[in-house]
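Descriptive structure summary
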Amino acid sequence: MATDKHLLLIDGNSVAFRAFFALHSQVNTFINHDGLHTNAIYAFNTMLDVVLKEFKPTHVLVAFDAGKTTFRTKEFAEYKSQRAKTPSELSEQLPYLRQLLTAYGIKSYELANYEADDIIGTLAKEASQAGFQVDIVTGDRDLTQLATAEVTVNVTVKGVNQTEAYTPEHVMEKYGLQPKQIIDMKGLAGDTSDNYPGVRKVGEKTAIKLLKEYDSVEGVYEHLDDLKASKMKEHLQEDRSNAFLSKKLATINTAAPIKVSVTELKRQERDLDKLIEFYKEMDFNSFLSKLDSAVAPTEVAAKTTIKFEQLTNENIKQVLAKFSGPVVFYLEMLASNYHTSDFAGFVIGQEDHWYFGRDIKLLQQPDFVAFFADNQQAKLVFDLKRTFVGLNRLGIRLNGTTFDLLLASYLLNTNDNSNDLGKIAQLHQYSDVATDEEVYGKGSKKALPENETEFAEHLARKARAIEQLQPKLSHELEANDQIGLFNELEIPLALVLAQMEIAGIKIDKDRLNDMRGSFKERIQQIQEKIYAEAEEEFNINSSKQLGAILFEKMNLPVIKKTKTGYSTAVGVLEKLKGIAPIASDVLDYRGLTKIQSTYITGLLKVIHPEDGKIHTTYLQTLTQTGRLSSIDPNLQNIPVRDEDGRQIRQAFVPREKGWQIFAADYSQIELRVLAHISHDKNLQAAFKEGMDIHASTAMRIFNLDSPADVTPNMRREAKAVNFGIVYGISDYGLSQNIGITRLQAKNYIDNYFREYPNVQKYMTDIVQSAKDHGYVETLFHRRRYLPDINAKNFNLRSFAERTAMNTPIQGSAADIIKVAMLNMHKALEEHKLKATMLLQVHDELIFEAPDDEIPVLRKLVPQVMDSAVDLEVPMKVGFGSGPTWYNVKD
DNA sequence: AACCTCACG
DNA sequence: ACGTACGTGAGGTTA
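Note that the structure is predicted; figures quoted are calculated from it, not measured.

This paragraph deals with the nonpolar core. Among the nonpolar cores identified, the biggest contains 196 residues, and Leu363, Ile648, Tyr666, Leu674 and Tyr752 are the most heavily contacted of them. Broken down by element, this core gets its largest block of residues, 14 residues, from helix α35 (residues 794-830). In contact with Tyr666, not counting residues within four places along its chain, are Ile816, Ile817, Ala820, Asp843, Met865, Ala868, Met875, Lys876 and Val877. Among the nonpolar cores identified, the runner-up in size contains 50 residues, and Ile120, Ile136, Tyr175 and Leu211 belong to it.

This part takes up helix α36 (residues 854-866). Along its 13 residues, α36 runs 18 Å from first to last C-alpha, staying within 8% of the 18 Å computed at 1.5 Å per residue. Restricting attention to buried positions, one finds in α36 the residues Ile854, Leu857, Leu860, Val861, Pro862, Val864 and Met865. On its buried face, α36 is in contact with β18 (659-666), α35, β22 (844-850) and β23 (877-882).

Another point: the packing of helix α2 (residues 39-55) against helix α5 (residues 94-103). A pair of packed helices is captured by two measures, namely the crossing angle of their axes and the spacing between those axes. Between α2 and α5, the least distance of the axes is 10 Å, while the angle of their chain directions is 30°. The way α2 lies across α5 gives a crossing that is right-handed. Contacts between α2 and α5 involve Ile41, Phe44, Asn45 and Leu48 from the first element and Tyr96, Leu97, Leu100 and Leu101 from the second. For the contact of α2 with α5, a count of residues per class yields seven nonpolar, one polar and no charged.

Turning our attention to the environment of Asp239. Along the polypeptide, Asp239 turns up in the loop between α11 (231-238) and α12 (240-250). On a C-alpha basis, the gap between Asp239 and Gly198 in space is 7.3 Å, while along the polypeptide they are 41 residues apart. Not counting the four nearest positions on each side in its chain, Asp239 is found in contact with Gly198, Val199, Arg200 and Tyr221.

Here we come to the pattern of salt bridges. On inspection of all chains with the given rule, the structure shows 36 salt bridges. Residue Glu218 is joined to Lys247 by a salt bridge in which the shortest nitrogen-to-oxygen separation is 2.9 Å. A residue pair is termed long-range when its members are at least 10 positions apart, and Glu218 in helix α10 (residues 217-222) and Lys247 in helix α12 qualify at 29 residues. The class of Glu218 is partly exposed, set by a relative accessible area of 32%. The structure contains a network of salt bridges with shared partners spanning Asp352, Asp432, Arg461 and Arg464.

Inspection of the region around DNA strand C gives 38 residues, with Lys201, Ser542, Ser629, Asp632 and Tyr732 positioned closest. The contact in question runs from a phosphate oxygen of DNA strand C to an N or O atom on the side chain of Arg784, over 2.8 Å. Between DNA strand C and Gln810, the relevant distance is 3.1 Å, taken from a sugar or linking oxygen to a side-chain nitrogen or oxygen of the residue. For the surface near DNA strand C, the secondary-structure elements that each account for two or more residues are α24 (543-553), α26 (581-605), β16 (629-631), α31 (712-727), α32 (731-738) and α35. The class makeup of the residues in the surface near DNA strand C is ten nonpolar, 19 polar and nine charged.

Okay, the protein's contact with DNA strand B next. Every one of the 22 residues lining DNA strand B counts as a neighbour, but Thr568, Val570, Val640, Arg641 and Asp843 are closest to it. For DNA strand B, the backbone portion of the atoms within 4 Å of the protein, that is sugar and phosphate, comes to 77%. In the model, a phosphate oxygen of DNA strand B is placed 3.4 Å from a nitrogen or oxygen of the Thr562 side chain. Measuring from a sugar or linking oxygen of DNA strand B, one finds a side-chain N or O atom of Asp843 at 2.5 Å. Here the surface near DNA strand B gets three residues from one element, more than from any other, and that element is α26.

Attention now moves to the sheet that holds strand β10 (residues 353-357). Within the open sheet, the six strands sit side by side as β7-β10-β9-β8-β11-β12. Their pairing is mixed. Of all strands in the sheet, those with a lone pairing partner are β7 (309-310) and β12 (401-404), marking the two edges. With two bridges connecting them, strand β8 (residues 327-332) and strand β11 (residues 379-381) associate as parallel partners. Its bridge partner being in β11, Val328 is matched across the sheet by Leu380.

What follows concerns the domain arrangement of chain A. For chain A, the assigned domains read domain 1 (6-265), domain 2 (272-302), domain 3 (306-504), domain 4 (506-614), domain 5 (623-674 + 806-890) and domain 6 (675-805). The C-alpha centroid of domain 6 is placed 26 Å from the C-alpha centroid of domain 5. Taken together, the contact between domain 5 and domain 6 spans 25 residues of the former and 31 residues of the latter. Summed over both sides, the interface of domain 5 with domain 6 buries roughly 2,400 Å², with 63% coming from carbon and sulfur. A per-residue breakdown of the area domain 5 buries against domain 6 is headed by Leu671, Leu674 and Glu872, which together make up 30% of the total. Asp815 serves as the salt-bridge partner of Arg782, at 2.9 Å between the closest nitrogen and oxygen. Between the two partners, domain 5 and domain 6, sit 22 residue pairs in polar contact (both at pLDDT 80 or more). When contributions to the side of domain 5 that touches domain 6 are tallied by element, the ones reaching two or more residues are α28 (669-678) and α35.

So, how was this worked out
Residues numbered from 1 in each chain as written. Chains lettered and ligands numbered in written order. Predicted model: local features only at pLDDT ≥ 70, side-chain atom pairs only at ≥ 80, totals over all residues. Heavy atoms only, no water. Core = buried A, V, L, I, M, F, W, Y, C linked by side-chain atoms within 4.5 Å. Buried < 20%, exposed > 50% of the residue type's maximum accessible area, 1.4 Å probe, protein only. Helix = DSSP H or I, 4+ residues; strand = E, 2+ residues; numbered from the N terminus. Contact = heavy atoms within 4.5 Å. Expected span 1.5 Å × (residues − 1). Axes fitted to C-alpha atoms, helices over the stretch in contact; angles between N-to-C directions. Left-handed = near helix turned anticlockwise from the far one by under 90°. Nonpolar A, V, L, I, M, F, W, Y, C, P; charged D, E, K, R; others polar. Salt bridge = Lys/Arg side-chain N within 4 Å of Asp/Glu carboxyl O. Near = heavy atom within 4 Å. Polar contact = N/O pair within 3.5 Å; in protein donor to acceptor, adjacent residues only side chain to side chain. Pairing = 2+ DSSP bridges. Domains from an automatic or database assignment. Buried area = accessible area lost by both parts, 1.4 Å probe.

Have a look at this one:
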C-alpha cells in the first residue's frame, strides 16, 4: 500500500469538537498559565500524532468551517440552527490549532460559504483522480458518502485516538448501503443535529429498508404507488419536498471553488523551535519531553536531571537519621501479581535526596525495619496495598503511611483509572517521570533496562513525582470534601485488604480434583449426544460453528444476531429448547464446561504451592462506583445460583481443623440506601416494618389489599421492578427482563412512582444535579464524573443518566461495607479473636474462625455491620456458618 | 486484541 | 426515532 502519493484530509472543526469532548471531564484541569483552556488542543495534538504515524501521508490538509452562513443556509435557513452554540471553552482554542498545525508543517484551509466537508470532498475527488491514495479523518459519519476504492473515511470512535475505517465495503457492512446512498438515507431520515427534517417518522432503520428496495430517494418516489397504504406512505407523500431538500443538504459538494491544489499540500518538516515555543505557551510538558526524546532519541523521555545515591549496609543508619518529615518510599515489582513477583529494587528519600537499592535484603536491616514500623514516621507511597504486601513478604510491617498517590488520584477522578505512576502523573500535569511501558517495555519483552542507572533514575523520578504531587492532590481532595474518605476510609482499608489477601483462603484440592473427574465424564457424555444430534463433530465452544449447525444445517429459526453472526446466548437457546433438544443439551454443555474451565481447573492453577491457599488481589482503584474488584483469581463470582456450580464452594474451607467458615451479608442494602437518600416515606415504612420488600412493592404496584393476595409471579415482577429502579429504569429494559410488553412495563413504572413519589423525585433531582455539576456523589463523598450527561447523542446521554441514578446507590452501599470492614478488622483485634476476615463480595463478608469463636461472631459481626452507618432505615444482616463455604447456613 | 459468553453482586 | 437495564473478571475462539 505504500505510495508516494498519499493525502490525509482532516475535518478540523469536527475533530476539534470530538477532541474537546474526549477530555471534557478535564476541561478545568487543562488550563495554561494564561487561563486558556487547552483540552481540545491537547487531544487534537494526540490525534494528529496518531494519524500521522498510522497513515504516513505525503500530503496533508486540515479543513475548517468558514462561518455560519453557507450555501446550505441559503437553501434552508434553519440548517444547523438548532445547534447549541459552540462552548466558549472550545472556540477560544480554535485559533491555537492553526498555530499548532503551522508548527507541524501542515496547511489549514477554509472557504467562505462552504463547510469543511465540501473542501474535503472536492480535494478527495481531485486527488484520487490524480492517483493519490486518500484518507479522511472526521468525527462525522456523513462523510462516509465519500468512500471509494481510493478514498477511505476514518471516523473517530472512543474519543479521538481511534478511528473506524469506512471503505465502501465497510459502509455496506454497517448500513447495507453503498456510500452514495448515505445521502439518500439522510434525505429520508433527516438529521436532528443539522436540523433538517427528512420524512416524518422515518429513521435510519426505515430509510435503509426503503433504499434496499428502491435504491435512492428518487427511486422511492417513483415507486410510491407500489407501497401498500400505510401511515408511512402518507408521510412519504406529504414530506416529499423535505426528502429532496434534505438529500440536497446532506450532499457534500465535490466541486467547491477552492484555491489550493493538491500539490501545494506536501507535508513539511515540523518546525521544532516553533513547536517548543508553542508547547511552552500551552504548558504541554509531556509533549515537550517527547520532543526532547525525538531530538535526542537515546535519552529516556524526561526533561530534567535527577541525582541518586546507592543505598548500602554502611550508609543506612546515616541516611535514615538525616530524614525529617515525610519520606517517600517506592518498591518496584515488575510481574503482574505482587504476591509472587520478584523484587526489582526500591528507592527512598525526600527533597531530592534519593537512595536507590537493588538488594532487597537491605530493607530487612533492623534500623530499616524499625523505620517502617514507626507510626510517627510519615511515609508517602504509590499503591499502599501493593507496598504493604511486598514488605510483608520480607517480614516487614509498614505503618504510618499518610499519602498514596494512586488512591488519591482514583478518588479525585475514577475515570482516570490507570495503575501506572507515569500516566497518573501526566494526568495531573506532571511530566517529569516516564511510564513503566516506556522504561520496561510491555508483554513478553517487559524487562529491567540493561543500564542500571536508567532504572535507578526511573525509580527516583517516581519518588520525586509522589513527593511533588502530594500537596496538589491533597489540596484537591480537600476542595472536594474528600479528606475524610481518603484518610479515614481508603487508606486504612488498603491495609485491611492487604491483610485479607495475605491471609488467603484454604482450598480443598482433593475435592476440586474429584469434581474435575466427574465433570469430565458428564461433559463427554453430553458432547457425544450433541454430535449425534448434529450428525457431525464440531467445536461446541465456537459460537460460529455452533451457529452454522443450528441455523444453517438444522435450519432453526434465528432469534437474534450479533455483530459478527448468529447469537447463541442463553436467551436464544432457551427459546429453541422446545423445538430442538440440541439447544437444551448445548446449554447443559455450556454450564458444565464453564464450571470445569473457569472454576475447577482455573482455581487449581492458582493454588499457592506452599500454603495450599488462594490469594486474590483486590483492585481498590478500578471501579467507577467505589466497589472493589477481585482478580487473579476473581473470588467475587464463585457460583451460587445453580446447584452444580455451587458445589465449587465445597472446596473453600477453613485453614485448620476445628475451624469453620462464617459468612454475613447485608440484606437489600441498595434499596435501603435508596430509601435513605430519597427520604421516601413509603419505601422507608416497608423496611421499618420489616416487610418482605418485593412483596410489599407488589402490593403497592398491583394495588392489592393483603399480603396473601401477592402471587409468586407478582412478587417476581415486583422484584424486577425494584432492580430496575436501582439501575435507572427504562420501560424497555424492564419489559425485556420479565417478558412483558413495553406498555405494561411503563404501567408498572408509573404505578411505582405514584406509590413512591420521593423515589421519583430523587431520580429527577440527581440527574439534574449531575447535569449542573458534571458529577454525582455517594454518602461518603465518593465522586463520579459523568462527561456524557449533557451529550447530544441519545444513547450516551441516557447511559449517563442511568449512571447518575445508580452510582450514588451502588457507591454508597460500597462505602458502607468498607466502613464495616474497617470496624470489623478493629473489633477482631480488640476482642483478641483468632477469627480472620478473608473475603468481601460486595455486600457480604466471609471469615474463618475456630469453632468456639463462632458464637462470638454471631453476635459481633451483625452488630458491627449494622452500626457501620446510621441511615433513616434499619440495616438487616443475615449470617451463617459451616464446615465449608458451601455449607454456611444459619 | 476483539468478541462472545457467562459467573457474581 | 433513537436502543438500554447498574457494576465487575475470565475463558475460549477468531481475526
